[in-house]
Amino acid sequence: MEANKVSAGKEDQGMQNPGGQIEKPVGSHFMESMLPKVVKRRVHALKRLQVQCANIEAKFYEEVHELERKYAALYQPLFDKRRDFVTGTVEPTDEECVWHSDREEEEELAEEVKEKAAIEDAKKEEAAPREDPKGIPEFWLTIFKSVDMLSDMLQEHDEPILKHLKDIQVKFSEPGQPMSFTLEFHFESNGYFNNAVLTKVYRMKSEPDDAEPFSFEGPEIIDCEGCQIDWHKGKDVTVKTIKKKQKHKGRGTVRTVTKQVPNDSFFNFFNPVKASPDGEMDEDSEFTLATDFEIGHFFRERIVPRAVLYFTGEALEDDESFEEEELEEGDEEEQDDEDDDDDEGDFDTKKEQPQPAECKQQ
């Protein structure tokens, strides 16, 4: 599944056609079958070399994983300090708060408006005691609501719970262990569940497939495992209780029964679809699992390392700019195709009438 790829694949290199003799791509098996036997033998030798290259590439990615694990330990003290600032456990010093914004001019222009608003706010606050918010309220919830990939999973009943989310961390597998990473969601004490930490483990594979060694493009997520949430009674937002009326066929009496059914919630993220050992899955399950892998990868690569930029929206602006750039390129290609169609439609039959045979050559 392409959606579960963890590393960026190499760009497909199209077959070059300098002579212009091959109009359409030729199937690889057909191409190989057309080769002389002695040349085909040498191509087989090249393929064996290619498999060896893929095995070396797999070792490269294993070392990249070890580097990620090493540098994660260097990042962690900074992420711990971020958590302390967010939760209000530690107040940053004046020196730590110095920041030179690229938008200082805009901020200066807006300062007068802010001052006027502050005067009005001060008048309103005179009647009530002032409360300073602790840390950065709803830091992670704001990120969840801002990022489309996460907001799609978010339900209204999830929001009060996610206000208690203190931190999200990424842990890499230890040396000698199968390649994996774990997402840890750290919660403060709350009235919804007893867990202090909810976890999601993503298992990865970084070796060429024996059946298709040339498809290897780097590590890919192959499976994931959530955790059991110890919900307080009546607080499980992943299920809902419904009432149904049942009529007895013989006596005609009616009774009301209640039962629990699954409910949409972000917290279903911790009870994922399991990958089938034989690889056989229905289309819906395959799509759900591929989406889950994509979300896990996004948490690891983007959300956790750049959380403050998603909170302020700056990372979202970067993402949107990139998407718009791709869209514009696509639009240009589409426009070119339309122009070509228009040219064909404007073909002037009068100008290109076939000449009499005797006039074709002078």
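Throughout this document, residue positions are counted from 1 along each chain, in the order its sequence is written. For this predicted model, a pLDDT threshold of at least 70 governs which residues receive local features, and a threshold of 80 or more governs which side-chain atom pairs are given and counted, while totals over whole chains, interfaces and linings are taken from all residues. Neither water nor hydrogens contribute to the side-chain values; these are computed over all heavy atoms in the structure.

### Digging into the overall build of the chain
By definition, any uninterrupted DSSP run of H or I lasting at least four residues is a helix, any uninterrupted run of E lasting at least two residues is a strand, and each is numbered from the N terminus. A tally of helices and strands in the chain yields 9 helices and 6 strands. Here the term buried applies to any residue with accessible area under 20% of the maximum for its type, exposed to any over 50%, and partly exposed to those in between, with areas from a 1.4 Å probe on protein chains only. Across the 362 residues of the chain, 26% fall into the buried class. Whether two residues are in contact is decided by their heavy atoms: any pair within 4.5 Å suffices. For the chain, the share of sequence-separated contacts (at least 6 apart) that also reach a separation of at least 24 residues comes to 60%. The Shrake-Rupley method, run with a 1.4 Å probe, gives the accessible areas here. Residue values count only the displayed protein chains as cover. If you sum the accessible surface of the chain, you get close to 26900 Å²; carbon and sulfur atoms cover 49% of it.

### Here we look at the layout of surface pockets
Here the largest pocket defines a volume of roughly 1300 Å³. Using only the protein atoms, space was sampled on a 1 Å grid; points where a 1.4 Å probe fits but cannot get out form cavities, open sets with protein on both sides within 12 Å along at least five of seven lines form pockets, and lining residues are those with an atom within 4 Å of a point. In this structure, the largest pocket is lined by 40 residues; those nearest its centre are R82, P305, A307, V308 and L309. Contributing elements (two or more residues each) for the lining of the largest pocket: α2 (37-87), β1 (165-172), α7 (283-303), α8 (307-312) and α9 (314-345). The element best represented in the lining of the largest pocket is α2, accounting for 10 residues. Charged residues are taken to be Asp, Glu, Lys and Arg, nonpolar residues to be Ala, Val, Leu, Ile, Met, Phe, Trp, Tyr, Cys and Pro, and polar residues to be all remaining types, Gly included. Taken together, the residues of the lining of the largest pocket sort by class into 21 nonpolar, 6 polar and 13 charged. Grid points are joined across faces, edges and corners, and a volume is the space filled by probe spheres set on the points.

### Remarks on the sheet that holds strand β4 (residues 220-225)
An order of β1-β2-β3-β4 is seen for the 4 strands of this open sheet, with the pairing classed as antiparallel. Of all strands in the sheet, those with a lone pairing partner are β1 and β4, marking the two edges. Direction aside, neighbouring strands of the sheet carry axes that sit 20° apart on average. Strand pairing requires that DSSP identify at least two bridges connecting the strands. The pairing of strand β3 (residues 197-205) with β4 spans 5 bridges and is classified as antiparallel. Its bridge partner being in β4, Y202 is matched across the sheet by C224. What counts as an axis is a line fitted to C-alpha atoms, over the stretch in contact for a helix, and the angles between N-to-C directions run from 0 to 180 degrees.

### Points about α7
By this rule the span expected of a helix is its residue count minus one, scaled by 1.5 Å. Along its 21 residues, α7 runs 28 Å from first to last C-alpha, staying within 8% of the 30 Å computed at 1.5 Å per residue. Where α7 is concerned, the buried positions are L289, A290, D292, F293, I295, G296, H297, F298, F299, R300 and I303. The opening residue of α7 is D282, an N-cap whose side-chain oxygen sits 3.1 Å from the backbone nitrogen of D284. Distance and chemistry together define a polar contact, namely a pair of N or O atoms within 3.5 Å, with one atom able to donate a hydrogen and the other to accept it when in protein, and with adjacent residues in sequence counting only for side-chain atoms on both sides.

### Observations concerning a negative patch on the surface
Patch building starts from residues that exceed 30% relative accessible area and form no salt bridge, then joins like charges within 9 Å and nonpolar side chains (Val, Leu, Ile, Met, Phe, Trp, Tyr) within 5 Å. Throughout this description, the term salt bridge denotes a Lys or Arg side-chain nitrogen within 4 Å of a carboxyl oxygen of Asp or Glu. For the purpose of charge, His is not counted, nor are the chain termini; Lys and Arg are scored as positive and Asp and Glu as negative. All charge positions are set by atom: Lys at NZ, Arg at CZ, Asp at CG, Glu at CD. A cluster of like negative charges, contributed by D282, E283, D284 and E286, occupies part of the molecular surface. The residue D284 is located in helix α7 in this model.

### What about unusual backbone geometry?
Comment: phi is negative for the bulk of residues other than glycine, and the bulk of peptide bonds are trans. Although it is not a glycine, E138 adopts a positive phi angle of roughly 55°. With respect to the element layout, E138 can be found in the loop between α3 (104-125) and α4 (139-146). Residue E138 is classed as partly exposed on the basis of its relative accessible area of 34%.

### Some thoughts on a nonpolar patch on the surface
On the surface, L67, Y71, L74, Y75 and L78 cluster together to form a nonpolar patch covering roughly 550 Å² of accessible area. In this fold, L74 is placed in helix α2.

### A look at the environment of F298
For F298, the location among the structural elements is in helix α7. The exposure class of F298 is buried, given its relative accessible area of 16%. A C-alpha to C-alpha distance of 8.9 Å links F298 and M149, two positions 149 residues apart in sequence.

### A word on the side chain of D167
Along the chain, D167 falls in strand β1. Of the polar contacts made by the side chain of D167, one reaches the side chain of Q169; its length is 3.1 Å. Sequence-distant contacts of D167, defined by excluding residues within four places in its chain, comprise F79, R82, R83, W140, E184, F185 and H186.

### Details of the confidence of the model for the chain
For the chain, per-residue confidence averages 79 on the pLDDT scale, and residues scoring 70 or more make up 72% of the total. Known as pLDDT, the predictor's per-residue confidence is scaled from 0 to 100. In this model, residues 1-25 is a region of pLDDT below 50 whose contacts with residues beyond four sequence positions or in other chains number 26 contacts. Predicted confidence is poor over residues 344-362, with pLDDT under 50, and the contacts of this stretch with residues over four places away or in other chains come to 2 contacts.

### Regarding the pairing of strand β6 (residues 254-262)
Where strand β5 (residues 239-247) meets β6, 9 bridges bridge the pair, whose relative direction is antiparallel. Residue pairing across strands places K245 opposite T256, the latter belonging to β6. Counted along the chain from β5 to the antiparallel partner β6, the turn is 6 residues long, and its residue G252 has a positive phi close to 80°.

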